Amino acid sequence: MTYTKPYTAVAVQTVIRHVKDPAWRDEIVRENVNRSLSMMDYVSHRFGAAKLFVLPEFSLTGAEHLRSIEDWTKVALQIPGPELEPLAKFARDNEAYVGGGTMEYDPNYPGRWFNSAYLFGPTGELLIRYRKLNGADVQGHTTYSTPPALYDLYVKTEGGEDALFPVVDTPIGRLGMINCYDINFPEVVRTFAMRGAEVLLHVTGEPYSPHRDIWEMSRRTRAFENTMYIISANHGGYVAQIAGDTFADAPG
């Protein structure tokens, strides 16, 4: 760890529109990105410059589960890509770190999509791309791939096992990232700790339900047992596309 001064980290919790019709993807993604940028800009002006911003899981596209893999790959974004460039530019303009989560399509894995996290650094470069390890079919209706499900191909394509648990050394500490359900697996966070992670960015889209207390306990336990900070950003609300340009608040 090389930093010597305290810094401000921000968990960005915002309303997210879901992309239901792939034809509306670009417009809805721009709206979600602009909403997050507005909140990040407000925080920077209202409370002073922050060094680290964390957005939720699926914060660019939403997460409408009941659809085919073919539809998902039409909705999924590439990392890095033009849709994420405004976030990279914010990081560059503010000399900050900006991380979040999105469904991702990678041409190296045709016919698949990943539940991924990304982190841009102060020069706008992509520092971390992490793909969720657990929970691909936890509710019986999601269709994303995980690195363990195609381990040999994944390790070969990504250049080694380090790609499964990426940690980057920065002036504000050694940073790692995980997605949502991964926080409930002690082995995942412990592996990041063994690789030197000091601050873990948890991009999540967990439900507001009676199970919420369990998630909160998992966060506190993972931080305590691994002697690290965990910054968790969850969805603030959901707005679903019904048909065409008609939207409605999602139940709950």
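Computed from a prediction, not measured in an experiment: that's the story for all the values here.

### Quick word on the sheet that holds strand S10 (residues 229-233)
Right, on to step 1. With mixed pairing, four strands are arranged side by side in an open sheet as S7-S8-S9-S10. Of all the strands in the sheet, just strand S7 (167-170) and S10 have a single pairing partner and so form its edges. Neighbouring strand axes in the sheet, compared pairwise and without regard to direction, differ in orientation by 25 degrees on average.
Right, on to step 2. Sheet topology places S7 next to strand S8 (residues 173-179); four bridges connect them, and they run antiparallel. Bridging from a neighbouring strand, Val167 pairs with Gly176 of S8.
Right, on to step 3. Relative to S8, helix H5 (residues 186-194) is tilted by about 160 degrees, and along the sheet it contacts S7, S8 and strand S9 (199-203).

### Some remarks on the packing of H5 against helix H6 (residues 212-226)
Right, on to step 1. Interaxial distance between H5 and H6 falls to 10 Å at its minimum, and their mutual angle equals 35 degrees. Regarding H5 and H6, the two cross each other, and that crossing is right-handed. Contact residues: H5 offers Pro186, Val189, Arg190 and Ala193, while H6 offers Arg222, Glu225 and Asn226.
Right, on to step 2. A class-by-class count of the residues in the contact of H5 with H6 yields three nonpolar, one polar and three charged.

### Things to note about the nonpolar core
Right, on to step 1. One finds Leu52, Leu119, Tyr130, Met177, Ile178, Phe192 and Leu201 to be the most contacted residues of the largest nonpolar core, which totals 38 residues.
Right, on to step 2. The residues touching Tyr130, leaving out its near neighbours within four places in the chain, are Asn115, Ser116, Ala117, Leu164, Pro166, Met177, Ile178, Asn179, Asp182, Val188 and Phe192.

### Brief notes about the pairing of S9
Right, on to step 1. Most of S9 is tucked away, with five of its five residues classed as buried.
Right, on to step 2. Burial along S9 is two-sided: Val199, Leu201 and Val203 and Leu200 and His202, pointing in opposite directions, are all buried.
Right, on to step 3. Sheet topology note: the S9/S10 ladder contains five bridges and is parallel. Bridged to Val199 within S10 is Tyr229.

### Focus on the packing of aromatic side chains
Right, on to step 1. Applying the stated criterion to the full structure yields 11 aromatic pairs.
Right, on to step 2. A ring pair is formed by Tyr109 and Tyr154, whose centres lie 5.8 Å apart and whose planes are at 25 degrees; its orientation type is stacked. Remark: Tyr154 occurs in helix H4 (residues 151-158) and Tyr109 occurs in the loop between strand S4 (97-104) and strand S5 (114-120); sequence separation between them is 45 residues.
Right, on to step 3. Take Tyr109: its relative accessible area is 2%, and that puts it in the buried class.
Right, on to step 4. A relative accessible area of 2% means that Tyr154 is categorised as buried.
Right, on to step 5. Taken together through their ring pairs, the aromatic side chains of Trp72, Trp113 and Tyr144 make up a single cluster.
Right, on to step 6. Here the basic side chain of Arg131 rests over the ring of Phe114, its NZ or CZ set 4.4 Å away from the ring centre.

About the thresholds
Residues numbered from 1 in each chain as written. Predicted model: local features only at pLDDT ≥ 70, side-chain atom pairs only at ≥ 80, totals over all residues. Heavy atoms only, no water. Pairing = 2+ DSSP bridges. Helix = DSSP H or I, 4+ residues; strand = E, 2+ residues; numbered from the N terminus. Axes fitted to C-alpha atoms, helices over the stretch in contact; angles between N-to-C directions. Contact = heavy atoms within 4.5 Å. Left-handed = near helix turned anticlockwise from the far one by under 90°. Nonpolar A, V, L, I, M, F, W, Y, C, P; charged D, E, K, R; others polar. Core = buried A, V, L, I, M, F, W, Y, C linked by side-chain atoms within 4.5 Å. Buried < 20%, exposed > 50% of the residue type's maximum accessible area, 1.4 Å probe, protein only. Phe/Tyr/Trp six-rings, centres within 6.5 Å; stacked < 30°, edge-to-face > 60°. Lys NZ or Arg CZ within 6 Å of the ring centre and 35° of its normal.

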